[in-house]
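Take a look at the letters that make up each chain.
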Amino acid sequence: MWDFETEPEYQEKLDWVDAFVRDEIEPLDLVLGDPYDKSDATARRLVRPLQQQVRDRGLWAAHLRPELGGQGYGQVRLALLNELLGRSRWAPTVFGCQAPDSGNAEILAHFGTDAQKQRYLQPLLDGEISSCYSMTEPQAGADPTLFTTRAVPDGDGWVIDGEKWFSSNARHASFLIVMAATDPDAAPHDRMSMFIVPRATPGLTIVRDAGVGTESPEHSSHAYLRYDGVRVPGDHLLGERGRAFAIAQTRLGGGRIHHGMRTIAQMRRAFDLMLERAVSRSTRTGRLADMQSTQDKVAESWIDLEQFRLLLLRTAWLIDRHQDYRAVRKDIAAVKVVMPRVYHDVVQRAMQLHGALGISNEMPFSAMMVDAQVMAIADGPTEVHRQTLARQLLRDVEPGEPLFGSGHLPARADAARAHVAARLEHLVANA
């Protein structure tokens, strides 16, 4: 069956989410601080009743399996939901699906022990605490095989030493999930293990918090961390020793789809503002909407946005169909490659149409432009995903004739003539 419609029952839920985000959550973006700061009593008083409404609708932490309190929605449904949640900074927190907590919860659900789930997973699912995913290192860029943070056995525990970079929300986290080398002489993808590190563990220091773009220091939340003799108990090893790469993949595939759909929400926001500006603003020669250059911007933006959305939804459908992220690796890589380019282009056109106002801090476009560049780097830079896509596409291609290849017209014509002659001979013989 081929269909581009959402089933009525789920569309009804999406319609409620659309109105709920617009009327109840988007205003919070303008008056509240950091959604990950659980010490903000005012925010908790405002957000708790909204979270309860989400629970009552059966939409809390919808990315989780039913046994963990989710609905078991596939990636297509989650994509459609995240397309709405992406309009608001606070919406993922109100719906219990904010990154990196959502990915960390999936890791704990799949690989955590019962004790780990009780101590760390359940409070995370309940929205009582925040968490941090501490993986990237300053010297390693996008290549985890170059990580130097080490974890060595020590009695009945482990001691971690090293530095991590851009560990988002560490300042508000109750615990961190840390990737460290436990077997440095093993094969590259068998060297690393995952550990749960409580934030208050001695030896764990925030050197500084980096921001993106023009974020002020008080709003910067991407921590440069130092692990100096950080000791954790043996039961804080997450999953099997040496399996960190496999564990990490649990949180990346679906997460990239969700990031993409939330990004589409921001693109739509910029696009809608572009349309409004075009029909509202006039020059000496008429409305901006009547100018060919404006019409080019509008048309190109709509095409880019709709093409990207279809690629995203098709990739989500493939994940649901195969239930194996490895089988959809090239499609996920393609999503990651296209996302920052389309995001940048749509926002840049909207910003340009708004003139000086567009580049000011009284409009959202500058922050969106920075966010587009973040999408080109987060979860691996675009160049790495472009390489992954190309390798996947080339992997199973059979070589052709060395000089001219299978598309060489003279060779194809010779083969066609031989084929037709054989057919004619066969027909004559059977006449």
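- In the annotation of an unreviewed UniProt entry, the entry for the protein reads Acyl-CoA dehydrogenase family protein, and the organism field reads Pseudonocardia kongjuensis.
- As recorded by UniProt, the Cofactor (unreviewed entry) comment attached to the protein reads in full: "FAD".

### Points about the packing of helix α1 (residues 8–25) against helix α2 (residues 41–56)
Item 1. Axis separation between α1 and α2 bottoms out at 12 Å; the angle between their running directions is 175 degrees. Taken together, the axis directions place α1 and α2 in an arrangement best described as roughly antiparallel. Along the contact surface, α1 presents W16, F20 and E24, while α2 presents L50, Q53 and V54.

### Describing unusual backbone geometry
Item 1. With omega at 5 degrees, the peptide bond leading from A99 into P100 counts as cis.
Item 2. With respect to the element layout, P100 can be found in the loop between α4 (91–94) and α5 (101–111).
Item 3. Unlike most non-glycine residues, F166 shows phi in positive territory, near 60 degrees.
Item 4. Here F166 lies in strand β3 (residues 157–168).
Item 5. The phi torsion at N169 lies on the positive side, around 70 degrees, for a residue other than glycine.
Item 6. In this structure, N169 sits in the loop between β3 and β4 (173–181).

### Things to note about the packing of aromatic side chains
Item 1. Counting across every chain of the model gives seven aromatic pairs.
Item 2. A ring pair is formed by Y10 and Y73, whose centres lie 5.2 Å apart and whose planes are at 70 degrees; its orientation type is edge-to-face. Here Y10 is found in helix α1, whereas its partner Y73 is found in the loop between α2 and α3 (75–85), with 63 residues between them in sequence. Side by side, Y10 and Y73 carry an identical accessibility label, which is buried.
Item 3. Here the aromatic rings of F20 and F95 are separated by 6.1 Å at their centres, their planes lie at 70 degrees, and the arrangement is edge-to-face. One end of the pair, F20, is in helix α1; the other, F95, is in the loop between α4 and α5, and 75 residues separate them in sequence. Both residues of the pair, F20 and F95, belong to the buried class.
Item 4. Taken together through their ring pairs, the aromatic side chains of W16, F20 and F95 make up a single cluster.

### A closer look at helix α9 (residues 329–353)
Item 1. Here α9 is 25 residues long and its end C-alpha atoms lie 37 Å apart, about the 36 Å a rise of 1.5 Å per residue gives.
Item 2. Maximal helix bending in α9 amounts to about 25 degrees, located at V338; proline P340 follows within four positions.
Item 3. The buried count for α9 comes to 18 of 25 residues, which makes it a mostly enclosed element.
Item 4. One or two positions beyond α9, positive phi appears at G355, with a value near 60 degrees.

### Remarks on the UniProt feature "domain: Acyl-CoA dehydrogenase/oxidase N-terminal" (unreviewed entry) in the protein
Item 1. Mapped onto the present numbering, the UniProt feature "domain: Acyl-CoA dehydrogenase/oxidase N-terminal" (unreviewed entry) falls on residues 9–128.
Item 2. Overall, residues 9–128 shows 59% helix and 0% strand. The separation of its end C-alpha atoms is 31 Å.

### Brief notes about the packing of α5 against helix α6 (residues 114–125)
Item 1. Closest axis-to-axis distance for the α5/α6 pair is 10 Å, and the angle between their directions is 150 degrees. Considering the angle they form, α5 stands roughly antiparallel to α6. You can see that α5 and α6 cross each other, and the crossing is left-handed. Listed contacts from α6 to D101, N104, A105, L108, A109 and F111 of α5 are Q116, K117, Y120, L121, L124 and L125.
Item 2. Of the residues assigned to the contact of α5 with α6, the class counts are eight nonpolar, two polar and two charged.

### Some remarks on the side chain of T182
Item 1. Residue placement: T182 occurs in the loop between β4 and β5 (192–198).
Item 2. A distance of 2.7 Å separates the side chain of T182 from the side chain of S193, its partner in a polar contact.

### Details of empty space enclosed by the protein
Item 1. Throughout the structure, instances matching the rule amount to three cavities of 30 Å³ or more.
Item 2. Lining of the largest cavity is provided by P35, D37, K38, A43, R44, V47, R48, Q51, W90, T93 and G127.
Item 3. Take the lining of the largest cavity: its biggest share by element is five residues, from α2.
Item 4. Partitioned by chemical class, the residues of the lining of the largest cavity number four nonpolar, three polar and four charged.
Item 5. Empty space within the second largest cavity amounts to approximately 80 Å³.
Item 6. Along the walls of the second largest cavity sit W60, A61, H63, G96, Q98, D101, S102, A105, L124 and L125, which together make up its complete lining.
Item 7. Secondary structure elements with two or more residues in the lining of the second largest cavity: α5 and α6.
Item 8. When residues of the lining of the second largest cavity are assigned to their parent elements, the largest contribution, three residues, is made by α5.

What counts as what
- All chains use their own residue numbering, which begins from 1 and follows the written sequence.
- Local features in this predicted model are restricted to residues of pLDDT 70 or higher, and side-chain atom pairs are both shown and tallied only at a pLDDT of 80 or more, whereas totals for entire chains, interfaces and linings draw on every residue.
- Side-chain measures here rest on the full set of heavy atoms in the structure, leaving out hydrogens and waters.
- UniProt positions are given in the numbering used here, feature names are shortened, and annotations may be inferred rather than shown by experiment.
- Angular values range over 0 to 180 degrees, each being the angle between N-to-C directions of two axes fitted as lines to C-alpha atoms, with helices fitted over their stretch in contact.
- Segments assigned H or I by DSSP are reported as helices when at least four residues long, segments assigned E as strands when at least two residues long, and all are numbered from the N terminus.
- Here the angle decides the label: under 35 degrees means roughly parallel, over 145 means roughly antiparallel, 65 to 115 means roughly perpendicular, and every other value means oblique.
- We call two residues in contact whenever any of their non-hydrogen atoms come within 4.5 Å of each other.
- Pairing of aromatic rings covers Phe, Tyr and the six-membered ring of Trp, with a centre-to-centre limit of 6.5 Å; geometry is then stacked below 30 degrees between planes, edge-to-face above 60, and tilted otherwise.
- Whether a residue is buried, partly exposed or exposed follows from its accessible area with a 1.4 Å probe, protein chains only, as a fraction of its type maximum: under 20%, in between, or over 50%, in that order.
- In a helix, the anticipated span is given by 1.5 Å times the number of residues less one.
- Bend at a given residue is defined as the angle between two axes, one fitted to the seven residues that end at that position and one fitted to the seven that begin there.
- Crossing chirality is assigned from the near helix's rotation relative to the far helix, an anticlockwise turn below a right angle marking it left-handed and a clockwise turn marking it right-handed.
- For this classification, Asp, Glu, Lys and Arg are treated as charged, while Ala, Val, Leu, Ile, Met, Phe, Trp, Tyr, Cys and Pro are nonpolar and the rest, including Gly, are polar.
- Whenever a nitrogen or oxygen atom comes within 3.5 Å of another N or O atom, the pair is scored as a polar contact, on the condition that within protein one atom can donate a hydrogen and the other can accept it, and that pairs from neighbouring residues in sequence are kept only if both atoms are in side chains.
- Cavity: a set of points on a 1 Å grid over the protein atoms alone where a 1.4 Å probe fits but cannot get out. Pocket: an open set with protein on both sides within 12 Å along at least five of seven lines, its lining residues, like those of a cavity, having an atom within 4 Å of a point.
- Grid points are joined across faces, edges and corners, and a volume is the space filled by probe spheres set on the points.

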